[in-house]
Amino acid sequence: GRALATQRVLVFPGGTEIGLEIRAALAHRRDIELFSAGVGGPGHAPYVFRNHDEVPDVRGPGWVEPLARVVRERSIDVVFPAHDDAVLGVAEHAATIGAVVVGSPLETCRVTRSKRATYRALAGVVPVPLVYDEPAEIADFPVFVKPDRGQGSAGARVARDRAELDRALADGSDLVMEMLPGDEHTVDCFSDRDRGLLFARARRRVVTRAGISVSSVPVDDPELVDHARRIAGVLSMHGAW
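(A) The arrangement of the environment of P13 in detail. For P13, the position within the fold is in the loop between β1 (7–12) and α1 (17–26). Separated by 46 residues in sequence, P13 and R59 have C-alpha atoms that sit 11 Å apart. Among residues more than four places away in sequence, those in contact with P13 are G19, A37, G38, A82, H83 and A86.

(B) Expanded view of the pattern of salt bridges. Applying the stated criterion to the full structure yields 16 salt bridges. Between E164 and R160 there is a salt bridge whose closest N-O contact spans 3.9 Å. Between D188 and R203 there is a salt bridge whose closest N-O contact spans 2.5 Å. Pair noted here: D188 is in strand β9 (residues 185–192) and R203 is in strand β10 (residues 196–209), with a separation of 15 residues, a long-range link.

(C) Geometry of the sheet that holds strand β8 (residues 175–178). Pairing in this open sheet of three strands is antiparallel, and the strands run β7-β6-β8 from one edge to the other. This sheet does not close on itself; its edge strands, each paired only once, are β7 (157–159) and β8. Pairwise comparison of adjacent strand axes, ignoring direction, gives a mean angle of 35° for this sheet. Relative to β7, strand β6 (residues 143–146) runs antiparallel, the two being bridged by three bridges. By the bridge assignment, V145 is partnered in β7 with R157. Strands β6 and β8 of the sheet are contacted by helix α7 (residues 115–122), whose axis makes an angle of about 45° with β8. Helix α8 (residues 162–170) contacts β6, β7 and β8 of the sheet and is inclined by roughly 140° relative to β7.

(D) Up close: the sheet that holds strand β2 (residues 32–38). One open sheet accounts for five strands, arranged β3-β2-β1-β4-β5; its pairing is parallel. The open sheet has two edge strands, β3 (52–54) and β5 (100–101), and neither has a second partner. Pairing analysis gives two bridges linking strand β4 (residues 78–81) to β5, with the strands arranged parallel. The residue bridging V79 from the neighbouring strand is V101, located in β5. Packed onto the sheet, helix α4 (residues 84–92) meets β1, β4 and β5 and runs at close to 145° relative to β4.

Parameters and conventions
- Residues numbered from 1 in each chain as written.
- Predicted model: local features only at pLDDT ≥ 70, side-chain atom pairs only at ≥ 80, totals over all residues.
- Heavy atoms only, no water.
- Helix = DSSP H or I, 4+ residues; strand = E, 2+ residues; numbered from the N terminus.
- Contact = heavy atoms within 4.5 Å.
- Salt bridge = Lys/Arg side-chain N within 4 Å of Asp/Glu carboxyl O.
- Pairing = 2+ DSSP bridges.
- Axes fitted to C-alpha atoms, helices over the stretch in contact; angles between N-to-C directions.

Shown next, in the form of structure tokens:
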């Protein structure tokens, strides 16, 4: 048979939980050669990727040209971002980076990187929490506080009174919303850019570490799947979300 054309895929950053999941999914494909890039220092990426290059942190300045240089020198065909900030950053600088970027359209990345902008976009589409625009005017506690730009549930906390709210705001959390009691779920989805939502399945979050659910239980809930379908009808999603 005809030999498969090999795609050279760069996972950035390779050492994140998502990066390691991408490696696990693609490492044994004969038509893909995997590469990694990320910050220096301790981490798994240099040990699990055959090729790993150090580049500056995507959350700071000066990372675009070093990443573009890796793409050129390694003859990378596809960049697969593996962190929330990398998803937006790589989408914004795709032309400079010079490779195909796996992900959703730039405008979708910009909206979903902000929880406040996401709630605004989905208001009237699915149930969204009440967000307080003026924390100083809040009279009813408890409230829920989290960073507007954050990963998973990292930095999220309950503020039971004014003092706890002030501490949370001082620590950098800047989104204050109504407290929603009950179980928390993640809904794993996959959308095709042409055919729309192909998969949606909910799981109840049991154990969370560093904002990521590390233990969960599958749940059959048609309402949550319907929410996913409605979200996909408003925000153009490509791939896993």
